[in-house]
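Take a look at the letters that make up each chain.
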Amino acid sequence: MTNNLSDHTGDEPGARATGSGRRPIRSYVVRGGRLTTSQQRALESYSADYVVPFHAAPLNPGELFGNNQPLVVEIGFGMGDSLLAMAKEQADKNFLGIEVHKPGIGKLLLGIAEQGISNIRIINHDAREVMESCFGAGTVDGIQVFFPDPWHKKRHHKRRLIQTPFVNLLVSRLKPGGMLHLATDWEPYAEQLLEVLEANDRLRNCAGTGNYATPGDRPVTKFERRGRKLGHGVWDLRFTRCTD
Ligand SMILES: C[S@@+](CC[C@H](N)C(=O)[O-])C[C@H]1O[C@@H](n2cnc3c(N)ncnc32)[C@H](O)[C@@H]1O
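Residues numbered from 1 in each chain as written. Predicted model: local features only at pLDDT ≥ 70, side-chain atom pairs only at ≥ 80, totals over all residues. Heavy atoms only, no water.

Teacher, can you tell me more about unusual backbone geometry here?
Keep in mind that most residues, glycine aside, have a negative phi and that most peptide bonds are trans. Of note, Phe147 is a non-glycine position whose phi angle comes to about 60°, a positive value. By the secondary structure assignment, Phe147 is in the loop between β4 (140-146) and α6 (164-173). In this structure Phe147 comes out as buried when scored by relative accessible area, which is 7%. Its identity as a non-glycine residue notwithstanding, Trp151 has a phi of 45°, on the positive side. Residue placement: Trp151 occurs in the loop between β4 and α6. (Helix = DSSP H or I, 4+ residues; strand = E, 2+ residues; numbered from the N terminus. Buried < 20%, exposed > 50% of the residue type's maximum accessible area, 1.4 Å probe, protein only.)

Here it is, written out as structure tokens:
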């Protein structure tokens, strides 16, 4: 939720040196502190029930959720308000949220417990590694990434999450007919997303070539609300994975 490198703590979940000794380029910075007492308590009380430890091995969603409802993965849910609302509205789907921001995980855990939500699980780890290791090819019904950090400065564009290699990975995890839904409030990033998604021949733009989609029934997110107050626009992109 920041494009400032100065608060980098170097303790990202999953951070490790590459074989060359250089750290991989991360799409996020982990900000320290600022856990409220209730978030801290929620992390202590509810992690065992809803947070799935990261292991570099495929998950069994049926075992995790206790049913075989369709699986939607949300990457970077922030404070989790919109994921909570969506899971509540769409109780016939399971939602797996991936996030590295501890206060957001604590806040979502609190909401899950207070509202008795049973169809959300959380992984606290870098989404790139989770998507690579935890899902088999063609096993996910939907993937959503709402307002990924735009990394405004040109020298930081390499940190943007949505780039061709990651999109290829996401598409490989989607079932044929599965949905990839992205949104951003930064027009140059929206243009890049449209270009990258349309260049992928396994994806079809639900809004028609060259067009942005409507938000549909997606709840407004915290980041989006903040952007709207600042006068930002919003661009949604919905693509389905073609049947092979
Ligand atoms: C700009 S915020 C948007 C949050 C939320 N979707 C919203 O709209 O309010 C982007 C979020 O993505 C998370 N994020 C960025 N890269 C990530 C990664 N590789 N793995 C997991 N989370 C990531 C950040 O921690 C941050 O909370």
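Any chance you could explain helix α3 (residues 81-89) here in plain terms?
Since the α-helix turns once every 3.6 residues, residues separated by three or four places project in the same direction. For α3, the full list of buried residues reads Ser82, Leu83, Leu84, Met86 and Ala87. As for α3, its buried residues are in contact with β1 (71-75), β2 (94-98), α4 (102-115), β3 (120-123) and β4. (Contact = heavy atoms within 4.5 Å.)

Honestly, the pairing of strand β5 (residues 174-184) in this entry has me stumped. Any pointers?
The two faces of a sheet get side chains in turn, since along a regular strand they alternate between them. Where β4 and β5 come together, six bridges link them in parallel fashion. If you follow Val140 over to β5, its bridge partner there is Leu174. With respect to chirality, the unit in which β4 leads through α6 into the neighbouring parallel β5 is right-handed. The pairing of β5 with strand β7 (residues 235-241) spans six bridges and is antiparallel. Its bridge partner being in β7, His181 is matched across the sheet by Arg238. (Pairing = 2+ DSSP bridges. Right-handed = clockwise from strand over helix to strand, strands pointing away.)

Would you explain the nonpolar core in this entry?
Within the largest apolar cluster, 34 residues are counted, with the highest numbers of intra-cluster contacts made by Val73, Ile75, Met131, Phe135, Ile162 and Leu197. Sorting the residues of this core by element identifies β1, β2, α5 (127-133), β4, α6, β5, α7 (187-198) and β7 as the ones contributing at least two each. In this structure, Val72, Leu84, Ala87 and Ile105 belong to the second largest nonpolar core, which totals 22 residues. (Core = buried A, V, L, I, M, F, W, Y, C linked by side-chain atoms within 4.5 Å.)

Would you explain the sheet that holds strand β6 (residues 203-205) in this entry?
Two strands in a sheet stick together by hydrogen bonds in their backbones, pointing the same way (parallel) or opposite ways (antiparallel). As summarised here, the arrangement of the seven strands in space is β3-β2-β1-β4-β5-β7-β6, forming an open sheet in which the pairing is mixed. With partners counted over all chains shown, the strands left at the sheet margins are β3 and β6, one partner each. The mean angle between the axes of side-by-side strands here comes to 20°, regardless of whether they run parallel or antiparallel. Bridge count for β1 against β2 is five bridges, and the pairing is parallel. (Axes fitted to C-alpha atoms, helices over the stretch in contact; angles between N-to-C directions.)

Help me understand the confidence of the model for the protein chain, please; the structure alone is not making it clear to me.
Detailed reading of predicted coordinates is not advised where the pLDDT is low. For the protein chain, per-residue confidence averages 91 on the pLDDT scale, and residues scoring 70 or more make up 91% of the total. Across residues 1-18, confidence stays below pLDDT 50; counting only partners more than four residues off in sequence or on other chains, it has 48 contacts. (pLDDT = per-residue confidence, 0-100.)

How should I be thinking about the site of the ligand in this particular structure?
Taken together, 19 residues surround the ligand, and among them Ser27, Gly76, Glu99, Phe146 and Thr221 come closest. In this structure, Ser27 approaches the ligand through a side-chain N or O atom, which is 2.8 Å from a nitrogen atom. At a separation of 2.6 Å, an oxygen atom of the ligand approaches a polar side-chain atom of Thr221. In isolation the ligand has 600 Å² of accessible area, and contact with the protein removes 98% of it. (Near = heavy atom within 4 Å. Polar contact = N/O pair within 3.5 Å; in protein donor to acceptor, adjacent residues only side chain to side chain. Areas by Shrake-Rupley, 256 points an atom, 1.4 Å probe, with all protein chains shown as cover.)

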